Amino acid sequence: MTFPRTALLLTFAISACSSSSTKGPPSSSAPADLAPAAAAAPSGIDDVAGMDKSVAPGDDFFSYANGAWMKTAEIPPDRSSYGIGAILDELTTKRTQELITSPANASAPAGSDARKIGDYYASFLDEATIEKKGLAPLEPTLQRIAAIKDAAGLATYLGTTLRADVDVLNNTNYDTDNFFGLWVAQDLSDPTRYSPFLLQGGLNMPDRDYYLDPSARMADIRTKYQAHIAAMLGDAGVADAAAKAPRIFDLEKRIAQAHATRVETEDVQKGNNHWKRSEFQKRAPGLDWAAFFAAAGLDKEETFVVWQPKAFTAMAALVRSVPLATWKDYLTFHAISHVAGVLPKKFVDESFAFYGKTINGTPKLRDRWKRAVAATDHALGEAVGKLYVEKYFPPSEKARAEAMVKNILAAFSKRIDKLEWMAPATKEKAKAKLAALKVGVGYPDKWRDYSALEVVRGDAFGNAERAQLFEYKRNLAKLGKPVDRGEWVMNPHLVNAVNLPAMNALNFPAAILQPPFFDPKRAEVMDYGATGSVIGHEISHSFDVQGALFDATGRLQNWWTKEDFAHFKAAAEKLEKQFDAYKPFPDAHVNGKLTSGENIADVAGLSAAYDAYRISLGGKEAPEAQGLTGDQQFFVSFAQSWRTKIREAAARARLLTDVHAPAEYRADTVRNLDPWYTAFAVKPGQKLYLAADERVRMW
Ligand SMILES: [Zn+2]
């Protein structure tokens, strides 16, 4: 519940394999009190008026499809970019807010999901009660810390703070302010069972670099951080706060030194380390592991996956070498900071002053009601999602999307058959993986059961604690049970999609399956261009260099031959050159290597979506619409789905860090597909023209 945690959990996951379908930059934290999306929205992906037919499609396809819109659209002043993804995100945020803040929730039957949503929201909003209670709700925790008198007591306390708050593969979240974090997921070596994964934690700044980087900016942040620690302790009435702050900081710095780097943590091969429970004491001496596991409710588990083994060894050693009194001060600060969002205003303000302003440069704290919506959504996400789906995602749309998925899978299967570069044995494995792929559409088959979560009106603090504990126990309960590949990791009301490599599964939330991406009121061929290409993109991630690491069951086991890799690499290099040549600014070009994985997925996704649309028509041509042939509608709809305007500074920053190419060039993926040349009579000499052997065919 601290600001850093909440901020992480409420932004889009950023990883090479997931979230790649987001059209436009992440914008989930968008202010929702902008003009209603419908008013600002162009009339849709099939927006002929937004095209610029004076541009030759073969010269600049993005402008041909979007030129008129680009000329008139304006980026709102509080955004760095704007486009269809952002508009849809605003609409969905507004709908989610309406569902959570609905006064009707208060009169829903006691114990119902709607009532819990209403009570959670109202309690968070009830600042008067929170002020009146002061620090009283935290008092039992502070007393437990004060009562720690030996190493076993310290280990027990650390065990009670373990929560299911990290995720290395799906929503990709590596950080926790608790000493360690737990992720329960399919074992990567034996996907028939769940394993408890343990990750390093214990820092209250976002990353080890904040403690260790020698730059002046980071040094300045460190000075402000120590002042922040002192202020939080002082506000809580802790004696000698100013003297304790540097010692607490120093302990965190030593934890940071023990931490693995982010790059190391991202390497799945390095993380898959199985330790028996009985081995911890020998491999990571210093922490009383028996006491830790007993307090965490994990003392019956035989084996754990320790993601950063060196960090665990070094962190356990710190438990012994650092004086107990320092640990108790550190834990006191962490206990307060962890729940600052539901404490009185002075804690909220101090926490925001550091995490919001100093760390993130955010000038103003979001309105309380918006934070209440976010907190409620975080605690009761699938319950909110269920309400969302009931209102906005009819069964007919789910059926329509599932039919599309079926056609794209069929198209992919045929493409695998026709591949020339893949060894026959690998092809068989690819087809087995495709057959086993579980594609979730709209929402999970089985909704999460929140009946064990008690929400008490007027108890924001207790609600937050119970919600975290509920999530922890829900995850512990999976251990020993058969793996449920139908579980979702993304809420249905998120405009996004994700590939879950170890589950060999995909989630396509209801919110991305809505107009203008997916619209029952227009010709289906356009949905194949806009949404089918995203579905194909995500499917293809199961069969690329990353996907090659996980077999059909989700086992971490490379199923490609050396020759397969070599061929794939050669095709990838061709595409890298294509993207390296794109220059959004005279002095800056797209990084073909950085964006390679996502560009490959775009080519694969668009190709499969094209075949699938043809399959859906059973050999017939799609009817002409608005003067466009079926194929033209398909490609224009695809290019319009990338419609985005972005400020120069943001565009330059993303060129350096984003694994996705700028939207305009993602739209130019069309130049690798033969039918695009026929559809628009593209001729040699035109800017986007590629000779047949220069077109990249990955799949
Ligand atoms: Zn992707």
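The preceding data block contains the structure.
Residues numbered from 1 in each chain as written. Predicted model: local features only at pLDDT ≥ 70, side-chain atom pairs only at ≥ 80, totals over all residues. Heavy atoms only, no water.

*Asks:* Just to check I follow, could you spell out the overall build of the chain for this structure?
*Replies:* Within the chain, the secondary structure is distributed over 30 helices and nine strands. Its C-alpha radius of gyration of 26 Å places the chain within 12% of the 27 Å reference for a compact globule of 699 residues. Overall, the C-alpha framework of the chain stretches about 80 × 55 × 55 Å when taken along its three principal axes. Evaluated residue by residue, the chain yields a buried proportion of 58% over its 699 residues. Residue pairs in contact within the chain that sit at least 24 positions apart in sequence constitute 73% of those at least 6 positions apart. Of the roughly 27700 Å² of accessible surface on the chain, 56% is carried by carbon and sulfur atoms. Side chains of the chain give 85 positive and 85 negative charges; the mean places of these two sets differ by 2 Å. (Helix = DSSP H or I, 4+ residues; strand = E, 2+ residues; numbered from the N terminus. Rg over C-alpha atoms; globule rule 2.2 N^0.38 Å. Buried < 20%, exposed > 50% of the residue type's maximum accessible area, 1.4 Å probe, protein only. Contact = heavy atoms within 4.5 Å. Areas by Shrake-Rupley, 256 points an atom, 1.4 Å probe, with all protein chains shown as cover. Lys, Arg positive; Asp, Glu negative; His and termini not counted. Charge placed at Lys NZ, Arg CZ, Asp CG, Glu CD.)

*Asks:* What's the story with the sheet that holds strand E6 (residues 438-442) in this structure? I'm lost.
*Replies:* Remark on secondary structure: sheet strands pair via backbone hydrogen bonds, oriented parallel or antiparallel. In space, the three strands of this open sheet follow the order E6-E8-E7, with mixed pairing throughout. The sheet is open, and its two borders are formed by E6 and strand E7 (498-500), each paired with just one other strand. The sheet shows a mean angle of 15° between the axes of neighbouring strands, direction not considered. Taken together, the five bridges between E6 and strand E8 (residues 505-509) define a ladder with parallel strand orientation. Of the residues in E8, the one forming a bridge with Gly 442 is Pro 509. Set on the sheet, helix H24 (residues 524-541) makes contact with E7 and E8; between it and E8 the angle comes to about 155°. (Pairing = 2+ DSSP bridges. Axes fitted to C-alpha atoms, helices over the stretch in contact; angles between N-to-C directions.)

*Asks:* When you look at the sheet that holds strand E3 (residues 194-200) in this model, what are you seeing that I'm missing?
*Replies:* One open sheet holds the four strands; their spatial order is E2-E3-E5-E4, and the pairing between them is mixed. With one partner strand each, in any of the chains shown, strand E2 (180-186) and strand E4 (274-276) form the two edges of the open sheet. When the angles between neighbouring strand axes are averaged without regard to direction, this sheet yields 35°. Looking at chain direction, E4 and strand E5 (residues 303-306) are connected through three bridges and run antiparallel. Within the sheet, the bridge partner assigned to Lys 276 lies in E5 and is Thr 303. Strands in contact with helix H16 (residues 309-321) are E2, E3, E4 and E5; relative to E3, the strand with the most contacts, it is inclined by about 60°.

*Asks:* Looking at this structure, I do not really get helix H22 (residues 424-436). What am I missing?
*Replies:* Counting along an α-helix, one turn takes 3.6 residues, and residues three or four places apart therefore face a common direction. Taking 1.5 Å per residue, 13 residues should reach 18 Å; H22 reaches 19 Å between its end C-alpha atoms and fits that length. Taken as a whole, H22 has its buried residues at Thr 426, Lys 427, Ala 430, Lys 433 and Leu 434. Buried residues of H22, seen end-on, are gathered within an arc of 120° and therefore sit on one face of the element. Across from the buried face of H22, at angles greater than 90 degrees, the exposed residues are Pro 424, Glu 428 and Ala 435. Against the buried residues of H22 lie helix H21 (395-418), H24 and helix H25 (562-580). (Expected span 1.5 Å × (residues − 1). Arc of directions from axis to C-beta.)

*Asks:* Looking at this structure, I do not really get the side chain of Asn 173. What am I missing?
*Replies:* Its location among the elements puts Asn 173 in the loop between helix H8 (151-160) and E2. A relative accessible area of 9% means that Asn 173 is categorised as buried. At 3.0 Å, the side chain of Asn 173 and the backbone oxygen of Asp 165 are in polar contact. Separated by 3.4 Å, the side chain of Asn 173 and the backbone nitrogen of Asp 175 make a polar contact. (Polar contact = N/O pair within 3.5 Å; in protein donor to acceptor, adjacent residues only side chain to side chain.)

*Asks:* Which parts of the structure should I look at to understand the pattern of salt bridges?
*Replies:* Pairing between side chains becomes possible if they bear opposite charge and their charged atoms approach one another. If you walk through the whole model with that rule in mind, you get 43 salt bridges. Note that Glu 487 and Lys 478 form a salt bridge whose closest N and O atoms lie 3.2 Å from each other. We note that Glu 487, like Lys 478, is buried. The structure contains a network of salt bridges with shared partners spanning Glu 382, Arg 448, Glu 471, Arg 474, Lys 478 and Glu 487. (Salt bridge = Lys/Arg side-chain N within 4 Å of Asp/Glu carboxyl O.)

*Asks:* Help me out: how do you make sense of the nonpolar core in this one?
*Replies:* What tends to happen in soluble globular proteins is that the nonpolar side chains get buried as a cluster. Grouped together as the largest cluster of nonpolar side chains are 92 residues, with contacts concentrated most on Trp 289, Leu 298 and Trp 327. Sort the elements by how many residues they give to this core and helix H11 (residues 241-258) lands first, with eight residues. Leu 298 has contacts with Leu 162, Leu 182, Arg 277, Phe 293, Phe 304, Tyr 472, Leu 476 and Leu 479, leaving out every residue within four places of it along the chain. Of all hydrophobic cores here, the second largest spans 91 residues; its members include Phe 412, Leu 513, Trp 560 and Val 590. (Core = buried A, V, L, I, M, F, W, Y, C linked by side-chain atoms within 4.5 Å.)

*Asks:* How should I be thinking about helix H18 (residues 345-359) in this particular structure?
*Replies:* End to end, H18 covers 20 Å across 15 residues, agreeing with the expected 21 Å (1.5 Å per residue, within 8%). Among all positions of H18, only Phe 347, Val 348, Glu 350, Ser 351, Phe 352, Phe 354, Tyr 355, Gly 356 and Ile 359 are buried. Looking one or two places after H18, you find Gly 361, whose phi comes out positive at around 70°.

*Asks:* Help me understand the packing of helix H4 (residues 84-101) against helix H20 (residues 381-392), please; the structure alone is not making it clear to me.
*Replies:* The axes of two packed helices give the description: the angle between them and the distance between them. Running from amino to carboxyl end, H4 crosses H20 at an angle of 110°, the nearest separation of the two axes being 10 Å. In this view, H4 runs roughly perpendicular relative to H20, as classed from their interaxial angle. Crossing handedness for the pair H4 and H20: right-handed. Contacts from Thr 92, Arg 95, Thr 96, Glu 98, Leu 99 and Ile 100 in H4 reach Val 384, Leu 387, Tyr 388, Lys 391 and Tyr 392 in H20. In terms of residue class, the contact of H4 with H20 is made up of six nonpolar, two polar and three charged. (Parallel < 35°, antiparallel > 145°, perpendicular 65-115°, else oblique. Left-handed = near helix turned anticlockwise from the far one by under 90°. Nonpolar A, V, L, I, M, F, W, Y, C, P; charged D, E, K, R; others polar.)

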